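# Observations on the three-dimensional arrangement
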Amino acid sequence: MVKILDGKKLSGEIAVELTSKIAKLKIKPVLAIIQIGNNPESNSYIGRKKAYGEKIGAKVHHFALPNSISNNSLIKFIKELNERKDIHGIIVQLPIPKTLNKYEIMEAIDYKKDVDGLNSKNTNILYESPFENLDPKKIPKGLVPATAKGIVTLLKKNNIALVGKKVLVVGRSVLVGKPTALLLTAENATVTIAHKHTINLPKLAKENDIIISAAGKAGLIGKNCLRKGQVIIDVGTNAVAGPKTLEEVTKYKMVGDVDFEAAKKIVSAISPVPGGVGPMTVTSLFENLFEAYNLQK
Ligand code: NAP
């Protein structure tokens, strides 16, 4: 029978651990979320982060800045937060307006407060790992993007073997695909990255033991991509039309990239959408905040 990789349950268990760790701290970890403009999706993500933070005893400050803010003013604001001893983590909620230089903004965040793991110091530590020939005491500590971290935690806590396994990561974004591929490479998996130019995705998918789909395309991973024994992590979140209500209004529902109903009859384990990677992302963000807090000691 297929095993459901339940991110909601695991996220709840990690929340209990984080709550007890934070309860022991005199000064509580504080996360600053900077929002530019008023993107409705960002509002919802920020709401979830605030609720989770409050649940575990951390603090979340939400700084809402106008769309008109200049690159320099935003960088100055971030640098002020870098200096503040009462702020332990900083997120600039993405997406940001195209008038701003995302790279420069990520670079402005002190890497020890960069809980989204997008500053080049953090991406470089991930790029260099595993540090196999280095004295363990000298291995630099960095922060990795929360979704990638959550995916690996979901696999490991479910005792899914990674060493020597063939893993296909569908998607090469800076936030999800690339860091996930690097983390799994550091775990000694053999990783292939697919994207829109990949030829014959179904054949490639079937050749892999684990498929991680982060494309944002409903139905991309169907029956033709799957075989017995595979483990599937569905990162995609896609709003598709659901059944019409009695008032003939179309309701939308959230699905992943994977045809879940077909997959669960074939593969050995799969993460659902919702309730898989989503909750793991929020949890991992707060694990990062806790790590950032310790890095700043
Ligand atoms: P993104 O920046 O749009 O990247 C999507 C990637 O998928 C790109 O590399 C793209 O290839 C590839 N792709 C798209 N269609 C494809 C296809 N038909 N075949 C092969 N590759 C294809 O998105 P993202 O930020 O990485 O997010 C990916 C998905 O995960 C989205 O649905 C997002 O909502 C979801 N997500 C969920 C969570 C969570 O916590 N659950 C967190 C983050 C993201 P190219 O590079 O060639 O364009």
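In this text, all values refer to a predicted model and were calculated from it rather than measured experimentally. (Residues numbered from 1 in each chain as written. Predicted model: local features only at pLDDT ≥ 70, side-chain atom pairs only at ≥ 80, totals over all residues. Heavy atoms only, no water.)

## Observations concerning the site of the ligand
The criterion, for reference: A molecule or strand has a residue near it when one of that residue's heavy atoms lies within 4 Å. The definition of a polar contact used here is a pair of N or O atoms within 3.5 Å, where within protein one atom must be able to donate a hydrogen and the other to accept one, and adjacent residues in sequence count solely through side-chain atom pairs. A 1.4 Å probe and the Shrake-Rupley method give the accessible areas. Residues count as covered only by the protein chains that appear here. Asp, Glu, Lys and Arg are counted as charged, while Ala, Val, Leu, Ile, Met, Phe, Trp, Tyr, Cys and Pro are counted as nonpolar; the rest, among them Gly, fall into the polar class.
Taken together, 18 residues form the shell around the ligand, and within it R172, S173, K196, T237 and T281 come nearest. For the ligand, an oxygen atom lies 2.5 Å from a polar atom in the side chain of S173. K196 has a polar backbone atom sitting 3.1 Å from an oxygen atom of the ligand. Contact with the protein chains covers 72% of the free accessible surface of the ligand, which is 920 Å². Per-class residue counts for the shell around the ligand are 6 nonpolar, 9 polar and 3 charged.

## Thoughts on helix α2 (residues 40–56)
Heads up, the condition is: In this text, helices come from DSSP runs of H or I with a minimum length of four residues, and strands from runs of E with a minimum of two, each type numbered from the N-terminal end. Helices are assigned an expected span. That span is 1.5 Å times one less than the residue count. When accessible area is computed with a 1.4 Å probe and restricted to protein chains, residues below 20% of their type maximum are described as buried, those above 50% as exposed, and intermediate ones as partly exposed. In this context, the arc is that of the directions from the helix axis out to the C-beta atoms. By the convention used here, residues are in contact when the closest approach between their heavy atoms is within 4.5 Å.
Compared with an ideal rise of 1.5 Å per residue, which puts 17 residues at 24 Å, α2 spans 25 Å between its outermost C-alpha atoms and is within 8% of the ideal. Among all positions of α2, only S42, I46, K49, Y52, G53 and I56 are buried. Buried residues of α2, viewed axially, fall in a sector of 125°; they line one side. Residues of α2 that are exposed and point more than 90 degrees away from the buried face comprise P40, E54 and K55. Looking at the buried residues of α2, the elements they touch are α1 (7–23), β2 (30–36), β3 (59–65), β4 (89–92) and α10 (277–295).

## Focus: the domain arrangement of the protein chain
Under the convention used in this document: Segmentation of the chain into domains, including their bounds, is taken from an automatic or database domain assignment.
Taken as a whole, the protein chain is organised into domain 1 (26–110) and domain 2 (146–278). Once you take the C-alpha centre of each, domain 1 and domain 2 turn out to be 28 Å apart.

## Here we look at the environment of D116
Along the polypeptide, D116 turns up in the loop between α4 (102–108) and α5 (120–128). Residue classification places D116 among the buried positions, given a relative accessible area of 15%. Spatially, the C-alpha atom of D116 lies 20 Å from that of E187, the residues being 71 residues apart in sequence. Excluding residues that lie within four positions of it along the chain, D116 makes contacts with I91, V92, V144, P145 and L285.

## Description of the pattern of salt bridges
Rule in force here: Here a salt bridge means any side-chain nitrogen of Lys or Arg lying within 4 Å of a carboxyl oxygen belonging to Asp or Glu.
One pass over the full model with this rule turns up 8 salt bridges. The salt bridge partner of K156 is E187, with a shortest N-O separation of 2.9 Å. Residue K156 is located in helix α6 (residues 146–157), and its partner E187 is located in the loop between α7 (177–186) and β6 (190–194); the two are separated by 31 residues in the primary sequence. Residue class for E187 comes out partly exposed when judged on its relative accessible area of 24%.

## Concerning the packing of aromatic side chains
For clarity, the cut-off: Aromatic contacts are taken between Phe, Tyr and Trp rings whose centres are within 6.5 Å, Trp giving its six-membered ring; a plane angle under 30 degrees counts as stacked, one over 60 as edge-to-face, and the others as tilted. For a Lys NZ or an Arg CZ to count as sitting over a ring, it must be within 6 Å of the ring centre and within 35 degrees of the ring normal.
For the structure on display, the rule yields 2 aromatic pairs. Ring centres 5.3 Å apart and planes at 75° place the aromatic pair F63 and F77 in the edge-to-face group. Of the two residues, F63 sits in strand β3 while F77 sits in helix α3 (residues 71–83), which places them 14 residues apart along the sequence. The lysine or arginine in question, K121, covers the ring of Y111, its NZ or CZ lying 5.0 Å from the ring centre.

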